[in-house]
Amino acid sequence: MRTDESTCARNEQLLEIVRYNVQHAFQQELLIDSNVNNGVDVNTTYYGFRLDWITLLYTISALRYNAGMVDTDELDQSNLILIEYWTRKALHEFDPKGAASIEQFINRRIDVSTKYVYLIHQDLVQRYFSMKPNKTRFRSIPHLLMSMGYGEELDAFIKHVELEAKALGCTIEDLECNDVTSIIW
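Residues numbered from 1 in each chain as written. Predicted model: local features only at pLDDT ≥ 70, side-chain atom pairs only at ≥ 80, totals over all residues. Heavy atoms only, no water.

Points about the pairing of strand S2 (residues 43-48)
Quick reminder of the rule: Here, any two strands with at least 2 DSSP bridges between them count as paired. Numbering of helices and strands runs from the N terminus; a helix is a DSSP stretch of H or I covering at least four residues, while a strand is a stretch of E covering at least two.
Pairing of strand S1 (residues 31-37) with S2 involves five bridges; the strand directions are antiparallel. Within the sheet, the bridge partner assigned to Asn-37 lies in S2 and is Asn-43. Once S1 ends, the chain turns through five residues before running back antiparallel as S2, passing Gly-39 with a positive phi of about 100 degrees.

And the structure:
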(Lines give C-alpha, C1' and ligand atoms only; values in the text may rest on other atoms or scores of the structure.)
Protein backbone atom coordinates (compact mmCIF):
# COMPACT_ATOMS: atom_id res chain seq x y z
CA MET A 1 0.00 0.00 0.00
CA ARG A 2 1.41 3.39 -0.98
CA THR A 3 1.15 6.43 1.25
CA ASP A 4 -0.54 9.76 0.70
CA GLU A 5 1.34 13.00 0.08
CA SER A 6 1.32 14.13 3.72
CA THR A 7 3.02 10.90 4.77
CA CYS A 8 5.66 11.35 2.10
CA ALA A 9 6.20 14.92 3.28
CA ARG A 10 6.77 13.69 6.85
CA ASN A 11 9.28 11.15 5.56
CA GLU A 12 11.06 13.89 3.60
CA GLN A 13 11.10 16.11 6.69
CA LEU A 14 12.79 13.30 8.60
CA LEU A 15 15.37 12.78 5.85
CA GLU A 16 16.07 16.51 5.78
CA ILE A 17 17.93 16.16 9.11
CA VAL A 18 20.77 14.14 7.59
CA ARG A 19 20.79 16.10 4.32
CA TYR A 20 21.19 19.34 6.28
CA ASN A 21 24.08 17.93 8.32
CA VAL A 22 25.85 16.48 5.27
CA GLN A 23 25.55 19.83 3.49
CA HIS A 24 27.02 21.75 6.42
CA ALA A 25 29.79 19.20 6.91
CA PHE A 26 30.63 19.52 3.20
CA GLN A 27 30.74 23.31 3.66
CA GLN A 28 33.29 22.71 6.45
CA GLU A 29 30.98 24.16 9.10
CA LEU A 30 30.76 21.22 11.50
CA LEU A 31 33.32 18.63 12.68
CA ILE A 32 36.72 18.74 10.99
CA ASP A 33 39.62 16.36 11.65
CA SER A 34 42.70 17.25 9.61
CA ASN A 35 45.01 14.70 11.18
CA VAL A 36 43.65 11.37 9.95
CA ASN A 37 46.41 9.12 8.64
CA ASN A 38 45.16 7.53 5.44
CA GLY A 39 47.56 4.58 5.67
CA VAL A 40 50.30 5.86 3.38
CA ASP A 41 51.85 8.36 5.78
CA VAL A 42 49.77 11.21 4.47
CA ASN A 43 47.16 12.97 6.57
CA THR A 44 43.68 13.40 5.16
CA THR A 45 41.05 15.87 6.28
CA TYR A 46 37.66 14.43 7.18
CA TYR A 47 34.48 16.46 7.50
CA GLY A 48 31.66 15.13 9.63
CA PHE A 49 28.76 15.74 11.97
CA ARG A 50 27.10 14.21 15.00
CA LEU A 51 23.95 12.17 14.60
CA ASP A 52 21.99 10.44 17.33
CA TRP A 53 21.22 6.73 17.08
CA ILE A 54 17.45 7.25 16.90
CA THR A 55 17.75 9.57 13.90
CA LEU A 56 20.20 7.20 12.21
CA LEU A 57 17.85 4.23 12.59
CA TYR A 58 14.86 6.24 11.40
CA THR A 59 16.87 7.56 8.45
CA ILE A 60 17.87 4.07 7.33
CA SER A 61 14.24 2.92 7.49
CA ALA A 62 13.06 6.01 5.60
CA LEU A 63 15.71 5.58 2.91
CA ARG A 64 14.81 1.92 2.44
CA TYR A 65 11.09 2.73 2.43
CA ASN A 66 11.58 5.43 -0.19
CA ALA A 67 13.83 3.14 -2.24
CA GLY A 68 10.93 0.71 -2.38
CA MET A 69 8.80 3.35 -4.07
CA VAL A 70 11.15 3.94 -7.02
CA ASP A 71 13.40 1.96 -9.31
CA THR A 72 16.86 1.59 -7.83
CA ASP A 73 20.00 0.23 -9.39
CA GLU A 74 22.92 -1.75 -7.95
CA LEU A 75 24.74 1.41 -6.88
CA ASP A 76 21.70 2.67 -4.95
CA GLN A 77 21.30 -0.68 -3.22
CA SER A 78 25.00 -0.99 -2.44
CA ASN A 79 25.02 2.46 -0.85
CA LEU A 80 22.07 1.50 1.35
CA ILE A 81 23.84 -1.71 2.33
CA LEU A 82 26.97 0.29 3.21
CA ILE A 83 25.01 2.61 5.48
CA GLU A 84 23.47 -0.40 7.21
CA TYR A 85 26.84 -2.16 7.49
CA TRP A 86 28.65 0.83 9.01
CA THR A 87 25.76 1.44 11.39
CA ARG A 88 26.03 -2.14 12.66
CA LYS A 89 29.79 -1.76 12.95
CA ALA A 90 29.47 1.52 14.91
CA LEU A 91 26.83 0.04 17.20
CA HIS A 92 29.08 -2.91 18.06
CA GLU A 93 32.14 -0.71 18.47
CA PHE A 94 30.30 1.44 21.00
CA ASP A 95 28.68 -1.38 23.00
CA PRO A 96 28.40 -4.98 21.73
CA LYS A 97 25.79 -5.90 24.33
CA GLY A 98 23.46 -3.02 23.44
CA ALA A 99 24.20 -3.40 19.73
CA ALA A 100 22.82 -6.94 19.64
CA SER A 101 19.35 -5.58 20.49
CA ILE A 102 19.53 -2.31 18.59
CA GLU A 103 20.65 -3.77 15.27
CA GLN A 104 17.30 -5.56 15.08
CA PHE A 105 15.87 -2.14 14.17
CA ILE A 106 18.14 -1.51 11.18
CA ASN A 107 15.62 -1.26 8.36
CA ARG A 108 13.05 -3.17 10.40
CA ARG A 109 10.37 -2.56 12.98
CA ILE A 110 10.28 1.25 12.52
CA ASP A 111 7.14 2.47 10.79
CA VAL A 112 8.13 5.38 8.58
CA SER A 113 4.94 5.19 6.52
CA THR A 114 2.72 6.84 9.12
CA LYS A 115 1.90 10.51 8.84
CA TYR A 116 3.06 10.84 12.46
CA VAL A 117 6.60 9.60 11.74
CA TYR A 118 8.38 12.95 12.15
CA LEU A 119 6.63 13.77 15.42
CA ILE A 120 7.21 10.26 16.77
CA HIS A 121 10.87 10.56 15.83
CA GLN A 122 11.16 13.94 17.55
CA ASP A 123 9.50 12.63 20.69
CA LEU A 124 11.86 9.64 20.82
CA VAL A 125 14.93 11.84 20.32
CA GLN A 126 13.75 14.16 23.09
CA ARG A 127 13.21 11.22 25.43
CA TYR A 128 16.60 9.73 24.48
CA PHE A 129 18.49 12.95 25.20
CA SER A 130 16.62 13.49 28.46
CA MET A 131 18.43 10.43 29.82
CA LYS A 132 21.91 10.45 31.34
CA PRO A 133 24.46 9.90 28.53
CA ASN A 134 25.85 6.43 29.17
CA LYS A 135 25.54 2.85 27.96
CA THR A 136 22.25 2.46 29.84
CA ARG A 137 20.77 5.20 27.65
CA PHE A 138 22.18 3.45 24.58
CA ARG A 139 20.72 0.12 25.69
CA SER A 140 17.32 1.76 26.21
CA ILE A 141 16.93 2.43 22.48
CA PRO A 142 15.01 -0.79 21.70
CA HIS A 143 12.56 -0.06 24.52
CA LEU A 144 12.06 3.51 23.26
CA LEU A 145 11.51 2.36 19.69
CA MET A 146 9.09 -0.39 20.71
CA SER A 147 7.15 2.01 22.94
CA MET A 148 6.14 3.98 19.87
CA GLY A 149 5.80 1.03 17.51
CA TYR A 150 2.26 0.12 18.54
CA GLY A 151 0.04 -0.05 21.58
CA GLU A 152 -1.29 2.27 24.24
CA GLU A 153 1.68 4.65 24.36
CA LEU A 154 1.55 5.23 20.61
CA ASP A 155 -2.24 5.57 20.68
CA ALA A 156 -2.01 8.16 23.48
CA PHE A 157 0.68 10.06 21.59
CA ILE A 158 -1.40 10.17 18.39
CA LYS A 159 -4.45 11.31 20.35
CA HIS A 160 -2.36 14.06 21.97
CA VAL A 161 -1.01 15.17 18.58
CA GLU A 162 -4.48 15.30 17.06
CA LEU A 163 -5.86 17.28 20.02
CA GLU A 164 -2.91 19.68 19.89
CA ALA A 165 -3.40 20.28 16.16
CA LYS A 166 -7.11 20.85 16.68
CA ALA A 167 -6.52 23.26 19.59
CA LEU A 168 -4.00 25.24 17.54
CA GLY A 169 -6.17 25.15 14.42
CA CYS A 170 -3.49 23.53 12.27
CA THR A 171 -2.61 20.20 10.72
CA ILE A 172 -0.20 17.72 12.25
CA GLU A 173 2.31 18.65 9.54
CA ASP A 174 2.51 22.11 11.15
CA LEU A 175 3.40 20.70 14.59
CA GLU A 176 6.92 20.27 15.84
CA CYS A 177 8.36 18.97 19.10
CA ASN A 178 10.88 21.50 20.35
CA ASP A 179 11.53 20.07 23.80
CA VAL A 180 15.19 19.21 23.24
CA THR A 181 16.92 22.15 24.83
CA SER A 182 20.38 20.74 25.45
CA ILE A 183 22.04 17.73 23.93
CA ILE A 184 24.71 15.81 25.78
CA TRP A 185 26.36 13.32 23.44
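So much for the structure itself; the text now carries on.
Some thoughts on the packing of aromatic side chains
Two aromatic rings are characterised by how far apart their centres lie and by the angle between their planes. Using the following cut-off: Two aromatic rings from Phe, Tyr or Trp, using only the six-membered ring of Trp, form a pair when their centres are within 6.5 Å; if the ring planes differ by under 30 degrees the pair is stacked, by over 60 it is edge-to-face, and anything between is tilted. Between buried and exposed lies partly exposed: a residue is buried under 20% and exposed over 50% of the maximum accessible area for its type, with that area taken using a 1.4 Å probe on protein chains only. We count a charge as sitting over a ring when the NZ of a lysine or the CZ of an arginine lies within 6 Å of the ring centre and within 35 degrees of the ring normal.
By the definition in use, this model includes five aromatic pairs. Each ring, one from Trp-53 and one from Phe-94, has its centre 6.4 Å from the other, and the planes form 45 degrees; the classification is tilted. With Trp-53 in helix H2 (residues 53-67) and Phe-94 in helix H3 (residues 74-94), the pair connects residues that are 41 residues apart, well separated along the chain. You can call Phe-94 partly exposed: its relative accessible area is 37%. Ring geometry for Phe-94 against Phe-138: centres 4.8 Å apart, planes inclined by 70 degrees, an arrangement best described as edge-to-face. Separated by 44 residues along the polypeptide, Phe-94 in helix H3 and Phe-138 in helix H6 (residues 135-139) bring together distant segments of the chain. Through pairs of rings, three or more aromatic residues link up here, namely Trp-53, Phe-94 and Phe-138. One Lys or Arg, Lys-135, reaches over the ring of Phe-94 and ends 5.8 Å from the middle of that ring.

What about the nonpolar core?
General note: in soluble globular proteins, nonpolar side chains tend to be found buried as a group. To be explicit about the condition: What makes a nonpolar core is a set of buried Ala, Val, Leu, Ile, Met, Phe, Trp, Tyr and Cys residues whose side-chain atoms join them at distances within 4.5 Å. In this analysis, two residues are considered to be in contact whenever any of their non-hydrogen atoms come within 4.5 Å of each other.
The biggest cluster of nonpolar side chains holds 36 residues, and the ones touching the most others in it are Ile-54, Leu-57, Tyr-58, Ile-120, Leu-124, Ile-141 and Leu-145. Secondary-structure elements contributing two or more residues to this core are helix H1 (5-26), H2, helix H4 (96-102), helix H5 (117-129), helix H7 (141-147) and helix H8 (152-168). Broken down by element, this core gets its largest block of residues, eight residues, from H5. In this view, Ile-120 contacts Tyr-58, Thr-114, Met-148, Leu-154 and Phe-157; residues no more than four positions away in its chain are not counted.

As for H2
We count it as follows: Each helix should span, by expectation, one fewer than its residue count multiplied by 1.5 Å. The term polar contact refers here to a pair of N or O atoms within 3.5 Å; inside protein, the definition further demands a hydrogen-donor-capable atom paired with an acceptor-capable atom, and it admits residues adjacent in sequence only when both atoms are side-chain atoms.
For H2, which comprises 15 residues, the first-to-last C-alpha distance of 21 Å matches the rise-based estimate of 21 Å (1.5 Å per residue) to within 8%. Regarding H2, the residues found buried are Trp-53, Ile-54, Thr-55, Leu-56, Leu-57, Tyr-58, Thr-59, Ile-60, Ser-61, Ala-62, Arg-64 and Ala-67. Its side-chain oxygen at 3.1 Å from the backbone nitrogen of Ile-54, Asp-52 defines the N-terminal cap of H2.

Quick word on the packing of H2 against H3
What counts, and what does not: Only the stretch in contact is used when a helix axis is fitted, and all axes are lines through C-alpha atoms; the angle between N-to-C directions ranges over 0 to 180 degrees. Orientation is classified from the angle alone, with under 35 degrees giving roughly parallel, over 145 giving roughly antiparallel, 65 to 115 giving roughly perpendicular, and any other angle giving oblique. By definition, turning the near helix anticlockwise from the far helix through less than a right angle yields a left-handed crossing, and turning it clockwise yields a right-handed one.
Where H2 contacts H3, the axes come no closer than 11 Å and their chain directions differ by 160 degrees. Here H3 runs roughly antiparallel to H2, going by the angle between their axes. Every pair of crossing elements has a handedness; the one defined by H2 and H3 is left-handed. Every residue of H3 that contacts H2 at Trp-53, Leu-56, Ile-60, Leu-63, Arg-64 and Ala-67 is listed here: Gln-77, Leu-80, Ile-81, Ile-83, Glu-84, Thr-87, Ala-90, Leu-91 and Phe-94.

Brief notes about the pattern of salt bridges
Selection rule: We count a salt bridge whenever a side-chain nitrogen from Lys or Arg sits within 4 Å of a carboxyl oxygen from Asp or Glu.
A full pass over the atoms with the stated rule returns six salt bridges. Two residues, Glu-16 and Arg-19, come together in a salt bridge whose shortest N-O distance is 2.4 Å. Of this pair, Glu-16 and Arg-19 both sit in helix H1, separated by three residues, roughly a single helical turn. With its nearest N and O atoms 3.1 Å apart, the salt bridge here joins Arg-127 to Asp-123. Pair noted here: Arg-127 and Asp-123 are both in helix H5, with a separation of four residues, about one helical turn. In this structure Arg-127 comes out as buried when scored by relative accessible area, which is 19%.

A few points about the environment of Cys-170
Inspection of the secondary structure puts Cys-170 in the segment after H8. Taking the relative accessible area as the measure of exposure, Cys-170 reaches 26% and is therefore partly exposed. With sequence-adjacent residues up to four places away left out, Cys-170 is seen in contact with Ala-165 and Leu-175.

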